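The residues making up each chain are set out below.
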Amino acid sequence: MFFTNFIKAILFGIIEGITEWLPISSTGHLILADEFIGLDVTPEFMTMFNVVIQLGAILAVVYLYFHKLNPFSPQKNALEKKNTWTLWFKVVVAVLPSVIIGLPLDDWLDAHFYNFLSVSIVLIIYGIGFIVVEKRNKNQTPKCTDLNQFTYKAALIVGMFQVLALIPGTSRSGATILGGIMIGASRFVAAEFSFFLGIPTMFGASALKIFKFLKDGNAFDLQGTVILLTGTIVSFIVSVLAIRFLMNYIKRNDFTAFGWYRIVLGVILIGYWLTQL
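Criteria and thresholds
- Residues numbered from 1 in each chain as written.
- Predicted model: local features only at pLDDT ≥ 70, side-chain atom pairs only at ≥ 80, totals over all residues.
- Heavy atoms only, no water.
- Helix = DSSP H or I, 4+ residues; strand = E, 2+ residues; numbered from the N terminus.
- Contact = heavy atoms within 4.5 Å.
- Core = buried A, V, L, I, M, F, W, Y, C linked by side-chain atoms within 4.5 Å.
- Buried < 20%, exposed > 50% of the residue type's maximum accessible area, 1.4 Å probe, protein only.
- 1 Å grid on protein atoms, 1.4 Å probe; cavity = no way out; pocket = protein on both sides within 12 Å on 5 of 7 lines; lining within 4 Å.
- Points joined across faces, edges and corners; volume = space filled by probe spheres on them.
- Nonpolar A, V, L, I, M, F, W, Y, C, P; charged D, E, K, R; others polar.

(A) Spatial organisation of the environment of Ile 124. Inspection of the secondary structure puts Ile 124 in helix α7 (residues 116-136). Between the alpha carbons of Ile 124 and Lys 82 there is a distance of 41 Å; along the sequence they are 42 residues apart. Filtering out sequence-adjacent residues up to four positions away, Ile 124 remains in contact with Arg 262, Ile 263, Gly 266, Val 267 and Ile 270.

Here it is in structure tokens:
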């Protein structure tokens, strides 16, 4: 059983690493994976596992953007250090809506929306959203093409879009990137800010899930610890590749293809849900 769970943890890490950064909903894919290759663990551990392996994904952002995010870098001049601090202040502003609204609703949202039908519908809705927004913006020039131009107001608005991602199937990166594009940011700027916003968001979400897991009387045994670390490490490695792919992809393409992918996946999930009734 341990070896089987170990292999499955690798597969979950691969799925998380790819889908966390592409705007196609990591939760939707993890629910699908759980249905067909679920780990032989308790439901409480599985819920915690699906969130905590996101730590690997977010560490990939820290690794890839360490210099850009480090305000203490000796390679930066005074202005660059100031801009880095300003960027972090904007990230803090953007994360506030999720803290204020998300924390009280966390358990309720999991109980009511963490299911096939809800995720499928949300996948389709945001898939349509990406197609509509990209079509609307096709001949428009972005107003914000540099992170230093990204205002506190823009950060707060993107933070409000992140609140929408509390509903499983939305895609945190998808919602925040879509929000950034809608208020005039380039795809590149919207994607980068979405990545940076994910750092405190995912660290906070992971800490919350671990706290609730332990608070409910659960504990980490050797197998559970190895499985969790395996999924997290694999998620980190795959995330590095996924982020690099996405940033190169959006230099030449828009998000329309991801919109269609979400719609097709949502329809498939609804079809599967119907066969289980």
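(B) Representation of the environment of Lys 90 within the structure. On the secondary structure map, Lys 90 appears in helix α6 (residues 78-113). When the C-alpha positions of Lys 90 and Phe 12 are compared, they lie 32 Å apart, and in sequence the two are 78 residues distant. Contacts of Lys 90, omitting those with residues within four sequence positions, involve Leu 147, Asn 148, Phe 150, Thr 151, Tyr 152, Ala 155 and Phe 193.

(C) Here's a closer look at the nonpolar core. Ranked by internal contacts, the top residues of the largest apolar core, which has 59 residues, are Phe 49, Val 61, Phe 150, Phe 193, Phe 195 and Phe 196. For this core, the leading source of residues is helix α10 (residues 187-215), giving 10 residues. Residues within four places of Phe 195 in sequence aside, it is in contact with Trp 21, Ile 58, Val 61, Tyr 65, Arg 172, Ile 243, Leu 246 and Met 247. By size, the runner-up hydrophobic cluster in this structure holds six residues, among which are Ile 31, Leu 123, Leu 265 and Leu 269.

(D) Inspection of unusual backbone geometry at higher detail. Residues other than glycine seldom take positive phi values, yet Ser 25 does so here, at roughly 80°. Along the chain, Ser 25 falls in the loop between α1 (2-19) and α2 (26-37). Even without a glycine there, the phi angle at Ser 171 is positive, about 85°. Relative to the elements of secondary structure, Ser 171 occurs in the loop between α8 (152-164) and α9 (172-182). According to the relative accessible area criterion, Ser 171 is buried, its value standing at 7%.

(E) Spatial organisation of the layout of surface pockets. As a volume, the largest pocket reaches approximately 810 Å³. Lining the largest pocket are 37 residues; nearest its centre among them are Gln 54, Asp 106, Ala 165, Leu 166 and Ala 205. Listed by contribution, the elements that provide at least two residues to the lining of the largest pocket are α2, α3 (43-52), α6, α9 and α10. It is α6 that provides the largest number of residues to the lining of the largest pocket, a total of nine residues. The residue inventory of the lining of the largest pocket, partitioned by class, reads 16 nonpolar, 16 polar and five charged. The volume enclosed by the second largest pocket comes to roughly 340 Å³. Every residue lining the second largest pocket is counted, 17 residues in all, and those nearest its centre are Lys 68, Asn 83, Leu 87, Leu 147 and Asn 148. Of all the elements in the fold, those that place two or more residues in the lining of the second largest pocket are α5 (66-69), α6 and α10. For the lining of the second largest pocket, a count of residues per class yields four nonpolar, seven polar and six charged.

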